[in-house]
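The primary structure of each chain is shown beneath.
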There are 2 protein chains.
Amino acid sequence: MTTDDDIMDATFAALCKHGYADLTMQSIADEFDKSKSLLHYHYDSKEDLIVTFLDHLLENFLDEFENDSDADPLAQLQWMAEIVVGADEEGTDDIHVALLGLRAQGPYDGAIREQLVRNDRHIRDLIADLVRTGIEQGQFREDIDPEQFAALFRSAIEGAQSHEVILGEEAPTAVAIAGIEELLLDELLVDEAREGPTA
Amino acid sequence: MTTDDDIMDATFAALCKHGYADLTMQSIADEFDKSKSLLHYHYDSKEDLIVTFLDHLLENFLDEFENDSDADPLAQLQWMAEIVVGADEEGTDDIHVALLGLRAQGPYDGAIREQLVRNDRHIRDLIADLVRTGIEQGQFREDIDPEQFAALFRSAIEGAQSHEVILGEEAPTAVAIAGIEELLLDELLVDEAREGPTA
């Protein structure tokens, strides 16, 4: 692993442990095996480090998906919903709690907001491209606007993630995921491909 | 206005001004015209007051909607999306920023989480009831599961509100609202009532 990878891992661990509000450069250094001075050499401030961390999260996220002529766009979108809502994944709650606190900084911190805007745009572009691929493959309806679907799908999966984190065990996550699958993803399909009853 | 109403107004004003993280009983007292001791007489702590405030927000929110045999459920759901996403409303951003910070307390504060769970349940119940009314009136498709739709719709509108607050001017709010209207609400309608092209 490179030093950069180690720093990102230390940031991830410190965020999970302390949340964003209580995160300090020292708490990240405490999770870092190499010389602490290396950390300060690479990053001037916590904000600086967090912006890089958000970019690193985006890259890891985008790496999870493939969008080529062999891809199954429906399966890719289902997979995205599972990763983002992440109710069943062991240990995702800590990082999602930390990300909620971090996103709540958006209104107050220009550099963090700018990176969050970049992440949002890349993720919506990926969703819209998957929808376009599905339309080209004849699996998805031609009258679906890929940009509209991307904004709606992203709002829905992020909203469900937030509810899971905020409301805990009482969150309606299972029914929200069922709604995403049956009312959003299933509606993408051309009639012949749909499982549900058609009106 | 009753003292309770005055206290809720003072809490609203203080939240808009300071956000949740910097909210203190004193900052609320500063917005309160009557005797400060009244405030402390009514509420033991900031947490106590915030739980009541969340309940008051819920009541005001539910009062915006009607669901009886004369109601137009589609118009009511459109109205809800507009209120919650609230991109055009003057001055909604401050309270939405404050609510984001407040919701981010959910994982750390049991009393606030409990009230947020109550609010979530009541709002989803209202959405599901509107869907049932639409089905009974013959406007909405019978194969829509009201609970699934409620969880999905609520995730989508809250997700779009969060993006609006977090990302600011770069938020994809207009396209998200278009997606909510054309891909979620329009899909509720039985075929004869739909405006868009049908597959």
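Structure's up top.
Residue indices begin from 1 for each chain and proceed along its sequence in written order. All chains are assigned letters beginning with A, and all ligands numbers beginning with 1, in the order in which they are written. With the structure being a predicted model, the display of local features is reserved for residues of pLDDT at least 70 and the display and counting of side-chain atom pairs for 80 or more, all residues being used for whole-chain, interface and lining totals. Working from all heavy atoms in the structure, the side-chain values ignore hydrogens and water.

Here we look at the overall build of chain A
Stage number 1. Helical segments are the DSSP runs of H or I of at least four residues, strand segments are the runs of E of at least two, and each set is numbered from the N terminus. Each helix and strand counted, chain A has nine helices and zero strands in total.
Stage number 2. Going from the N terminus to the C terminus, chain A shows its helices and strands as α-α-α-α-α-α-α-α-α.
Stage number 3. C-alpha atoms of chain A, sized along the principal axes, occupy 65 × 40 × 30 Å.
Stage number 4. Put simply, chain A has 199 residues, and 52% of those count as buried.
Stage number 5. Whether two residues are in contact is decided by their heavy atoms: any pair within 4.5 Å suffices. Contacts spanning at least 24 positions in sequence make up 67% of the contacts within chain A whose residues lie at least 6 apart.
Stage number 6. Note on areas: Shrake-Rupley with a 1.4 Å probe; residue coverage comes only from the protein chains shown. For chain A, the accessible area works out to roughly 9100 Å², and carbon and sulfur atoms hold 44% of it. In this scheme, a residue with accessible area under 20% of its type's maximum is buried, one over 50% is exposed, and one in between is partly exposed, where area comes from a 1.4 Å probe on protein chains only.

Overview of the interface of chain B and chain A
Stage number 1. Taken residue by residue, the interface counts 48 residues in chain B and 48 residues in chain A.
Stage number 2. Taken together, both faces of the contact between chain B and chain A bury some 4000 Å²; the carbon and sulfur share is 65%.
Stage number 3. Note on terms: buried area is the combined drop in 1.4 Å-probe accessible area of two parts once they are placed together, counting the loss on both. Its largest share of buried area at the contact with chain A, chain B owes to B:Gln148, B:Ile166 and B:Leu183, together 16% of the area lost on that side.
Stage number 4. As a salt-bridge pair, A:Glu187 and B:Arg141 come within 3.2 Å of each other at their nearest N and O atoms.
Stage number 5. Whenever two N or O atoms come within 3.5 Å, that pair is a polar contact, provided that in protein one can donate a hydrogen and the other can accept it, and provided that, for residues adjacent in sequence, both atoms are side-chain atoms. Taken together, chain B and chain A are joined by eight residue pairs in polar contact (both at pLDDT 80 or more).
Stage number 6. Of all the elements in the fold, those that place two or more residues in the side of chain B that touches chain A are helix H6 (92–103), helix H7 (110–136), helix H8 (146–167) and helix H9 (173–188) of chain B.
Stage number 7. For the side of chain B that touches chain A, the leading source of residues is H8(B), giving 15 residues. Whenever Lys or Arg places a side-chain nitrogen within 4 Å of a carboxyl oxygen from Asp or Glu, that contact is recorded as a salt bridge.

Concerning the side chain of B:Thr133
Stage number 1. Relative to the helices and strands, B:Thr133 resides in helix H7.
Stage number 2. Residues in contact with B:Thr133, not counting those within four places in the same chain, are B:Asn67, B:Asp68 and B:Pro73.

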